[in-house]
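# Chain and residue survey
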Amino acid sequence: MKHLPFIKIFITLVFLLTTICCDKKKNEFIPLDHMTFTNSYYKNSVKISYYVLINDPDSEDNLLKTEIIRYVKNRLQNNQALKDTNTVSLNFVFYKKTGNTSYFITHKEDPGGLMSEEISHYKEDYIANYNISKCNGGETEKIYLHDLPEEIVVNDCK
C-alpha cells in the first residue's frame, strides 16, 4: 500500500514519455505520384522524376540521408521503369512538407499564367535528389543532400 502512489506516478510518467516520444513521426514520406514527370523527348532515353514530401525531416544529415536511401530502395522494389530498356534514369526529388509545399499533395503544378504554382519555387524547402542512372551493364546511384556535395551510394558500372 505504501508504494501505490509511487507506482501511479511511475506509470503516468512512462505513459507521458511514450506519448511524447512517439507522438510525431520523423521522416514521414509523402509521395506526390500525381506529379511524376516523364521526360521522353528522346524515346530511347526516358528520364522519370518522382516528387516526395518529407514531413518533419530529421535535422541530422546522416540520419536523413539513411532514411532517404531506405525510402528509395523500398520504392525501387516494385518499380518496373528501370527494367524498360528505354529508361535511362530515375530521379527522386525531396522537399520538406510546409504550408507552401502541402499544396502539391492534392494539386498538380500549374506553370502557366500570373499565378503559377511550381514546387521548384520553394527552394528553401528543397531537401535532396536521389538519382539512379543506367550505365554499361549496371547502375549508378547518387544522393545530393541540399547543399552538400554529391555522394555515390552505388556504382556497379563496368
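Structure shown above.
So, a few notes on the structure that sits alongside this text.

Here is what the cut-offs are and how they apply
Residues numbered from 1 in each chain as written. Predicted model: local features only at pLDDT ≥ 70, side-chain atom pairs only at ≥ 80, totals over all residues. Heavy atoms only, no water. Helix = DSSP H or I, 4+ residues; strand = E, 2+ residues; numbered from the N terminus. Buried < 20%, exposed > 50% of the residue type's maximum accessible area, 1.4 Å probe, protein only. Areas by Shrake-Rupley, 256 points an atom, 1.4 Å probe, with all protein chains shown as cover. Disulfide = S-S within 2.5 Å. Phe/Tyr/Trp six-rings, centres within 6.5 Å; stacked < 30°, edge-to-face > 60°. Lys NZ or Arg CZ within 6 Å of the ring centre and 35° of its normal. Pairing = 2+ DSSP bridges. Salt bridge = Lys/Arg side-chain N within 4 Å of Asp/Glu carboxyl O. Expected span 1.5 Å × (residues − 1). Arc of directions from axis to C-beta. Contact = heavy atoms within 4.5 Å. Core = buried A, V, L, I, M, F, W, Y, C linked by side-chain atoms within 4.5 Å.

## Remarks on the overall build of the protein
Summing up its helical and strand segments, the protein has three helices and seven strands in all. Ordered by position in the sequence, the α and β elements of the protein form the string α-β-β-β-α-β-α-β-β-β. Relative to its 158 residues, the protein shows a buried fraction of 33%. Counting every atom, the protein has about 10,600 Å² of accessible surface; 56% of that belongs to carbon and sulfur.

## Some details on the state of the cysteines
On inspection of all chains with the given rule, the structure shows one disulfide. With a sulfur-sulfur separation of 1.4 Å, Cys135 is cross-linked through a disulfide to Cys157. Measuring the twist about the S-S bond at about -70°, one finds the Cys135-Cys157 disulfide to be left-handed. Of this pair, Cys135 sits in strand E5 (residues 126-135) while Cys157 sits in the segment after strand E7 (151-155); the two residues are 22 residues apart in sequence, bridging distant segments of the chain. Note on Cys135: relative accessible area 22%, which makes it partly exposed.

## Comments concerning the packing of aromatic side chains
What the rule picks out here adds up to seven aromatic pairs. Centroid distance Tyr71 to Phe94: 5.9 Å. Interplanar angle 80°. Geometry classified as edge-to-face. Of the two residues, Tyr71 is situated in helix H2 (residues 61-77) and Phe94 in strand E4 (residues 87-96); the sequence distance between them amounts to 23 residues. The exposure class assigned to Phe94 is buried, which follows from its relative accessible area of 0%. Positioned over the ring face of Tyr50 is Arg75, at 5.1 Å from the centre of the ring.

## Here's the deal with the pairing of E5
Strand direction decides the pairing type here: E4 and E5, joined by seven bridges, are antiparallel. Pairing of Asn91 across the sheet is with Asn131, part of E5. In sequence, E5 turns back onto strand E6 (residues 138-145) through a hairpin of two residues, with Gly137 there showing a positive phi of about 75°.

## What to know about the pattern of salt bridges
Taken as a whole, this structure holds five salt bridges when the rule is applied. Linking Asp33 and Arg75 is a salt bridge whose minimum nitrogen-to-oxygen distance equals 3.5 Å. Here Asp33, found in the loop between strand E1 (28-31) and strand E2 (37-39), pairs with Arg75, found in helix H2; they are 42 residues apart in sequence, far enough to count as distant. By relative accessible area, Asp33 is classed as partly exposed at 46%.

## Quick word on H2
For H2, with 17 residues, the first-to-last C-alpha span of 25 Å sits near the 24 Å given by 1.5 Å per residue. Residues of H2 that are buried include every one of Leu64, Lys65, Ile68, Ile69, Tyr71, Val72 and Leu76, and no others. For H2, the arc enclosing every buried residue in end-on projection is 160°, short of the 170-degree limit, so these residues lie on one face. Where H2 is buried, its residues meet E1, strand E3 (46-55), E4, E5, E6 and E7.

## What to know about the nonpolar core
Formed by 23 residues in total, the largest nonpolar core has its most connected members in Ile68, Val72, Leu90, Phe92, Phe94 and Tyr130. A total of six residues in this core trace back to one element, the largest contributor, which is H2. Once residues lying within four places of it in the same chain are set aside, the contact partners of Tyr130 are Ile68, Ile69, Val72, Lys73, Leu90, Asn91, Phe92, Phe94, Glu141, Lys142, Ile143 and Val153. Membership of the second largest hydrophobic core comes to ten residues, among which are Tyr95, Phe104, Ile119 and Tyr122.

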